[in-house]
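Each chain, letter by letter, is given below.
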Amino acid sequence: MKNNLKTYPVVSILTFICLFLGILTSIYGDAIYDLLAFHSQPVYYWQYLSGTLMHGSKGAPLWFLWLHLFLNGLMILPFGGLLERKRGSKHVLLVFVTATVLSSIAFHFLTLGQKIQATGISAVGYAFVTGGIMLLPNVWKELSRTVKWFYLFLIFLSGLMLLPVITGWISTLLHLSGIASYLLVFIGSKSLKERGSN
């Protein structure tokens with residue numbers, strides 16, 4: 001546990017917070033969604049951030065919360081962990097903040113005039129998947145056959161979850177905002193390095 005916190009502090013803390021909020025939501029239900037979920041008409045300023053760390057849906061069965069969290073965990077842990085190990089914690093934290101901000105803005109404009117709540121760290125997950133896919137060719141030879149197949153399965157699963165017919169248009173666009181977030185951070189970081197070396 002201590003080694004994981006040292007090697008993957010950002011991913012470990014995100015995972016812990018999501019699990020903690022999952023337990024709270026399991027106990028207190030709709031009250032937690034009202035307090036912490038994304039709202040198309042936000043009541044509290046922190047909902048722009050807290051909605052990212054929440055899972056499930058108001059009125060949905062409890063199993064959906066844990067399935068939602070599990071699926072997002074399949075993006076956050078393997079790809080976020082790879083990213084944090086190879087690019088560093090500051091990079092991963094910047095990706096998290098960028099994806100959270102962009103997906104919150106996207107959700108706000110996509111749901112103008114509607115009364116909708118949403119939850120999930122999937123935009124951050126897609127940002128991590130994008131960064132992980134860009135890194136995989138560099139580490140591919142180091143991975144066992146089982147781990148390679150696992151990553152290929154997760155990439156396939158992530159691709160499926162981009163289809164509007166499966167997740168709906170709003171979710172698809174929020175997932176795409178995660179991909180855009182990583183590309184923005186990657187291009188920005190590269191530009192800053194090039195300027196620094198000149």
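Residues numbered from 1 in each chain as written. Predicted model: local features only at pLDDT ≥ 70, side-chain atom pairs only at ≥ 80, totals over all residues. Heavy atoms only, no water.

(A) Region of interest: the nonpolar core. Ranked by internal contacts, the top residues of the largest apolar core, which has 38 residues, are L14, L53, F79, I121, V124, F128 and L136. For this core, the secondary structure elements donating two or more residues are helix 2 (9-28), helix 3 (30-36), helix 5 (62-87), helix 6 (89-110), helix 7 (122-139), helix 8 (145-160) and helix 10 (169-197). Apart from the residues lying within four places of it in its own chain, the contact partners of I121 are L14, C18, T52, L53, M54, H55, N72, I76 and F96. (Core = buried A, V, L, I, M, F, W, Y, C linked by side-chain atoms within 4.5 Å. Buried < 20%, exposed > 50% of the residue type's maximum accessible area, 1.4 Å probe, protein only. Helix = DSSP H or I, 4+ residues; strand = E, 2+ residues; numbered from the N terminus. Contact = heavy atoms within 4.5 Å.)

(B) Local environment of the pattern of salt bridges. Throughout the structure, instances matching the rule amount to two salt bridges. Among the salt bridges present, the one from K58 reaches D34, with a minimum N-O distance of 2.7 Å. You can see K58 sitting in the loop between helix 4 (47-53) and helix 5 and its partner D34 sitting in helix 3, a full 24 residues away along the chain. Residue classification places K58 among the partly exposed residues on the basis of a relative accessible area of 38%. Residue classification places D34 among the partly exposed residues on the basis of a relative accessible area of 32%. (Salt bridge = Lys/Arg side-chain N within 4 Å of Asp/Glu carboxyl O.)

(C) Region of interest: the packing of helix 2 against helix 6. Running from N to C, helix 2 and helix 6 point in directions that differ by 40 degrees, and their axes come no closer than 8 Å. When the axis of helix 2 is compared with that of helix 6, the two are oblique. Mapping the contact onto sequence places P9, V10, V11 and L14 in helix 2 and S89, V92, L93 and F96 in helix 6. Classifying every residue of the contact of helix 2 with helix 6 by side-chain character gives seven nonpolar, one polar and no charged. (Axes fitted to C-alpha atoms, helices over the stretch in contact; angles between N-to-C directions. Parallel < 35°, antiparallel > 145°, perpendicular 65-115°, else oblique. Nonpolar A, V, L, I, M, F, W, Y, C, P; charged D, E, K, R; others polar.)

(D) Spotlight on helix 6. A rise of 1.5 Å per residue sets the reference length of helix 6, with its 22 residues, at 32 Å; its end C-alpha atoms lie 31 Å apart and thus fit the reference within 8%. Buried within helix 6 we find H91, V92, V95, F96, T98, A99, T100, S103, S104 and F107. (Expected span 1.5 Å × (residues − 1).)

(E) Representation of the confidence of the model for the chain in the model. Summary statistics for the chain give a mean pLDDT of 91 and a share of 98% for residues scoring 70 or more. Mean pLDDT per element in the chain: helix 1 (residues 2-7) is the minimum at 75, and helix 8 is the maximum at 97. (pLDDT = per-residue confidence, 0-100.)

(F) Geometry of the packing of aromatic side chains. Taken as a whole, this structure holds eight aromatic pairs when the rule is applied. Taken together, a centroid distance of 6.3 Å and an interplanar angle of 15 degrees make the contact between F16 and F20 stacked. Here F20 and F16 lie together in helix 2, a separation of four residues that amounts to about one turn. Residue classification places F16 among the exposed residues on the basis of a relative accessible area of 56%. One aromatic cluster is present, built from ring pairs that chain together Y44, Y45 and W46. (Phe/Tyr/Trp six-rings, centres within 6.5 Å; stacked < 30°, edge-to-face > 60°.)

(G) Fine view of the environment of Y33. Following the sequence through the fold, Y33 ends up in helix 3. With a relative accessible area of 4%, Y33 lands in the buried category. In this view, Y33 contacts T25, H39, M54, H55, G56, S57, K58, L65, Q117 and T119; residues no more than four positions away in its chain are not counted.

(H) Just the side chain of T111, in detail. Relative to the helices and strands, T111 resides in the loop between helix 6 and strand 2 (117-118). For T111, the residues in contact, after removing those within four places along its chain, are S40, I116 and I170.

(I) Quick look at the packing of helix 5 against helix 6. Where helix 5 contacts helix 6, the two axes come as close as 7 Å, and the packing angle between them is 135 degrees. As the angle between them shows, helix 5 and helix 6 are arranged oblique. Residues G80, L83, E84 and R87 of helix 5 touch helix 6, and the partners they reach there are S89, H91 and V92. Looking at the contact of helix 5 with helix 6 residue by residue, the class counts come to two nonpolar, three polar and two charged.

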